[in-house]
Amino acid sequence: DVSSPKHGKVDPDNMPHVGGNTWAGGTGGRDTAGLGGKGGPYRLDAGHKVYQVSQAEKDAVPEEVKRAAREMGEKAFKQRLKEIQMSEYDASTYERFSGAVRRQVQSLRIILDNLQ
């Protein structure tokens, strides 16, 4: 069961963590920032293979936990914008332009990685 969203512990060795309720950047778990889980406050990619929980499990998260996770994610987003001296308007403008060329940038990254 989910209880309350949190960032989670940071693994200094960046080992992959699947499931559970402890590690930031894990996959398929609950309550912590990561990918493929349920009830976490925001997505956090530590570069590991993603294990996805079912949509039914995600839908079963209580509304108060979803609300707390959204609030925590919004707070972290605003803090990050402040750190990089960017307004919410700047972020939405950046996202609009970035989204328009996202596929081309990804293709270019793949080409450059292959050339290396």
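I will try to describe carefully the structure that is included in this document. Being a predicted model, the structure only gives us computed values, none of them experimental.

Quick notes on the overall build of the protein
Move 1: Summing up its helical and strand segments, the protein has three helices and two strands in all.
Move 2: Listing the helices and strands of the protein from first to last along the sequence gives β-β-α-α-α.
Move 3: If one aligns the C-alpha atoms of the protein with their principal axes, the spans along those axes are about 45 × 35 × 30 Å.
Move 4: Within the protein, the fraction of its 116 residues that count as buried is 23%.
Move 5: In the protein, the share of contacts with a sequence separation of at least 24, taken over all contacts with a separation of at least 6, comes to 35%.
Move 6: Working note: accessible area of the protein is about 8,500 Å², and carbon and sulfur atoms make up 53% of it.

Let's talk about the pattern of salt bridges
Move 1: For the coordinates displayed, the defined rule picks out six salt bridges.
Move 2: Glutamate 83 is the partner of arginine 80 in a salt bridge, and the nearest nitrogen-oxygen pair spans 3.2 Å. Of the two residues, arginine 80 and glutamate 83 both sit in helix H2 (residues 63-83), three residues apart, roughly one turn of that helix.
Move 3: On the accessibility criterion, arginine 80 (46% relative accessible area) is partly exposed.
Move 4: Taken together, the shared-partner salt bridges in this structure form one network comprising Glu74, Lys78 and Glu88.

Let's talk about unusual backbone geometry
Move 1: The backbone of aspartate 31 shows a phi angle near 75 degrees, a positive value even though the residue is not glycine.
Move 2: For aspartate 31, the position within the fold is in the loop between strand E1 (26-27) and strand E2 (34-35).
Move 3: Positioned with a positive phi, glutamine 85 is a non-glycine residue whose angle comes to about 55 degrees.
Move 4: Among the secondary structure elements, glutamine 85 is positioned in the loop between H2 and helix H3 (88-115).

About the cut-offs
Residues numbered from 1 in each chain as written. Predicted model: local features only at pLDDT ≥ 70, side-chain atom pairs only at ≥ 80, totals over all residues. Heavy atoms only, no water. Helix = DSSP H or I, 4+ residues; strand = E, 2+ residues; numbered from the N terminus. Buried < 20%, exposed > 50% of the residue type's maximum accessible area, 1.4 Å probe, protein only. Contact = heavy atoms within 4.5 Å. Areas by Shrake-Rupley, 256 points an atom, 1.4 Å probe, with all protein chains shown as cover. Salt bridge = Lys/Arg side-chain N within 4 Å of Asp/Glu carboxyl O.

Shape descriptors only; they carry no functional weight alone.
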